[in-house]
Amino acid sequence: MQDLLPRQKEIFRYIEDTVRGVLESYGYAEIGVPVLESTQLFSRLVGEATDIVEKEMYTFEDRNGDSLTMRPEGTVGVVRMGQENGLLFNQIQRFWYAGPMFRHERPQKGRYRQFEQIGAECFGMGGPDIDAELLFMCQRMWQALGVSDEIHLELNSMGTAECRAAYRSELVAYLEDRRDGLDEDSLRRLETNPLRILDSKVPKTQELLADAPTLTNFLDEESQAHFDQLRRVLDQKQLPYQVNPSIVRGLDYYNKTVFEWVTDSLGAQGTVCGGGRYDGLVEQVGGKATPGVGFAMGLDRLAMMLDDKFESTAGADVYIASLGETARAYALLLAEDIRGNLGHGKVVVHCADGKLKSQMKKADASGARVAIIIGEEEVSKGEVTVKHLQTGEQQSVSAEGLIGHLSEILAGG
Ligand code: ATP
Ligand code: MG
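None of the values given here were measured: they were computed from a predicted structure.

**Looking at the packing of aromatic side chains**
Taken as a whole and assessed by the stated rule, the structure comprises 7 aromatic pairs. For the ring pair Trp142 and Trp261, a centre distance of 5.8 Å and an interplane angle of 70° mean the geometry is edge-to-face. Of the two residues, Trp142 sits in helix α5 (residues 128-145) while Trp261 sits in strand β9 (residues 255-263), which places them 119 residues apart along the sequence. Of the two residues, Trp142 and Trp261, neither departs from the other in class, the shared state being buried. Centroid distance Tyr253 to Tyr254: 4.8 Å. Interplanar angle 55°. Geometry classified as tilted. In this arrangement the basic side chain of Lys237 is found over the ring face of Phe136, its NZ or CZ atom lying 5.3 Å from the centre. Cation over ring: Lys288 sits above Phe89, and NZ or CZ is 4.8 Å from the ring centre.

The following block contains the structure:
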């Protein structure tokens, strides 16, 4: 679990603000769901035989003996929330959320045990047009963040549960014949969740899969038509994508469209956003059948992509230095006055001991354009020294004229 230092947190905030702007422009409403849910919500809906439920959940008993789990993902909590509040059946909804998720994974670059996601979930729209809209929206987010050149889209269809069952038995037959070549994890999955083997990162297993049957050939007519129509709309918009039959996502609830946005710039942890359709999930939480589709993006990985080019806007615009006790008390009041009347800008008071020289060093380091210097003499005369930090020019300004003077400097170059 990582600490977020100021620069990193600022990048996270920038991503969230930018992404929120795009979500709002598509009519999404922000929602909040709890970090803790009952364990069985995840084990039942994410799926007993998934990595998440098998080995990644932070699960504990609370004081009542109820088994709770720190959410490893957002979708099932949103579906539960929607169902409990009567927001899903026969309605059209576009929701988004942001917040931490928890998975007990092996920590490595781009993979943490607490990480931040922004997710979008849509309900009541069963056709491929909303899938396309979601992908257009993602593309717009990457553009707004300035990373669209480094991210590409991989797309697949998982069909219905029936097509998957038919495919599953073919895949198992194929792999049974090649057991000797499989890694230990894949051998285990052969019994529990064979489709997950497609996702294996073991090179030898990947080689062996090259000639395996693909799910794409098992799609029923409706899933195929859905997928074809989605591809047509993406083509019309000239949104590039690759069909990748090995994208099966790590959770049980997906059907039809699934996708991942991937970058090559982060090494092995290259998926920055993943999602797809989950038309059966609302029924599984006890609601009436309502189609759903959504995605979640990982802020930690996006932040790593932005780290090189991100320019911080933290720091100060005006830095107030003071010498002596009276001047320091005056500085505090003056800063309040500036904040109240200037209407914008960041005003930082030194608020500690220090020679003028060291205070001015802090002023420079803060990035401020202006330093205000207050000594005992200035206080008694009702004026302050204003120093333009880029040019080094300085002048005395009366207390009454100060706000006007600062606005002028801060508005100018
Ligand atoms: P991966 O294949 O990388 O394990 P995943 O399929 O488990 O990803 P999802 O459940 O689809 O991931 O989550 C969506 C996004 O959340 C991922 O694309 C990734 O950006 C981010 N994410 C998932 N797990 C982690 C983690 N442990 N640390 C940081 N980010 C993560
Ligand atoms: Mg994972």
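**Notes on the nonpolar core**
Ranked by size, the top nonpolar core spans 47 residues in total, and within it Tyr28, Met137, Trp142, Leu234, Trp261, Phe295 and Met297 carry the most contacts. Residues in contact with Tyr28, not counting those within four places in the same chain, are Leu23, Arg94, Phe95, Trp96, Ala120, Cys122, Ile130, Glu133, Leu134 and Met137. Counting residues in each nonpolar core, the second largest holds 45 residues, with Val46, Phe123, Leu182 and Val258 among its members.

**Brief notes about the domain arrangement of the protein chain**
You can read the domains of the protein chain as domain 1 (6-159 + 219-306) and domain 2 (318-404). Placing a centre on the C-alpha atoms of domain 1 and another on those of domain 2 gives a separation of 48 Å.

**A short note on the packing of helix α1 (residues 6-25) against helix α11 (residues 299-306)**
Interaxial distance between α1 and α11 falls to 10 Å at its minimum, and their mutual angle equals 110°. On the basis of the axis angle, α1 is roughly perpendicular to α11. In contact with Ile11, Phe12, Tyr14 and Ile15 of α1, α11 contributes Leu299, Asp300, Leu302, Ala303 and Leu306. Residue classes in the contact of α1 with α11 are distributed as 8 nonpolar, no polar and 1 charged.

**Examining the sheet that holds strand β14 (residues 370-374)**
Spatially, 5 strands are ordered β13-β12-β14-β15-β16 in an open sheet, and the strand pairing comes out mixed. At either end of the open sheet lies a strand with only one pairing partner, and these are β13 (347-349) and β16 (394-398). Ignoring which end each strand starts from, the neighbouring axes of this sheet average 25° apart. Pairing between β14 and strand β15 (residues 383-388): 4 bridges, direction antiparallel. Each bridged residue has a counterpart across the sheet, and for Ile373 the counterpart in β15 is Thr385.

**Focus on the site of ligand 1**
Every one of the 14 residues lining ligand 1 counts as a neighbour, but Arg103, Glu105, Arg111, Tyr112 and Arg249 are closest to it. Measuring from an oxygen atom of ligand 1, one finds a backbone N or O atom of Thr271 at 2.9 Å. Between an oxygen atom of ligand 1 and a main-chain N or O atom of Cys273, the distance comes to 3.4 Å. In isolation ligand 1 offers 590 Å² of accessible surface; the protein chains occlude 91% of this area.

**Points about the pairing of β9**
In terms of residue burial, β9 counts as a mostly covered element, since 9 of its 9 residues are buried. One ladder, built from 7 bridges, connects strand β7 (residues 151-157) with β9; its direction is antiparallel. Looking at the pairing, Asn156 lines up with Val258 of β9. Two strands pair when backbone bridges link them, and β9 and strand β10 (residues 271-277) are joined in this way by 6 bridges, in the antiparallel orientation. Within β10, the position partnered with Phe259 by the bridge is Gly275.

**Some details on the sheet that holds strand β2 (residues 36-38)**
Read across the sheet, 3 strands follow the order β2-β4-β3 without closing on themselves; strand pairing throughout is antiparallel. Strand pairing shows two members of the sheet lacking a second neighbour, β2 and β3 (58-61), which therefore form its edges. Neighbour to neighbour, the strand axes of the sheet diverge by 35° on average, direction disregarded. Taken together, the 3 bridges between β2 and strand β4 (residues 67-70) define a ladder with antiparallel strand orientation. Directly across from Ser38, in β4, lies its bridge partner Leu68.

Procedures and definitions
- Residues numbered from 1 in each chain as written.
- Chains lettered and ligands numbered in written order.
- Predicted model: local features only at pLDDT ≥ 70, side-chain atom pairs only at ≥ 80, totals over all residues.
- Heavy atoms only, no water.
- Phe/Tyr/Trp six-rings, centres within 6.5 Å; stacked < 30°, edge-to-face > 60°.
- Helix = DSSP H or I, 4+ residues; strand = E, 2+ residues; numbered from the N terminus.
- Buried < 20%, exposed > 50% of the residue type's maximum accessible area, 1.4 Å probe, protein only.
- Lys NZ or Arg CZ within 6 Å of the ring centre and 35° of its normal.
- Core = buried A, V, L, I, M, F, W, Y, C linked by side-chain atoms within 4.5 Å.
- Contact = heavy atoms within 4.5 Å.
- Domains from an automatic or database assignment.
- Axes fitted to C-alpha atoms, helices over the stretch in contact; angles between N-to-C directions.
- Parallel < 35°, antiparallel > 145°, perpendicular 65-115°, else oblique.
- Nonpolar A, V, L, I, M, F, W, Y, C, P; charged D, E, K, R; others polar.
- Pairing = 2+ DSSP bridges.
- Near = heavy atom within 4 Å.
- Polar contact = N/O pair within 3.5 Å; in protein donor to acceptor, adjacent residues only side chain to side chain.
- Areas by Shrake-Rupley, 256 points an atom, 1.4 Å probe, with all protein chains shown as cover.

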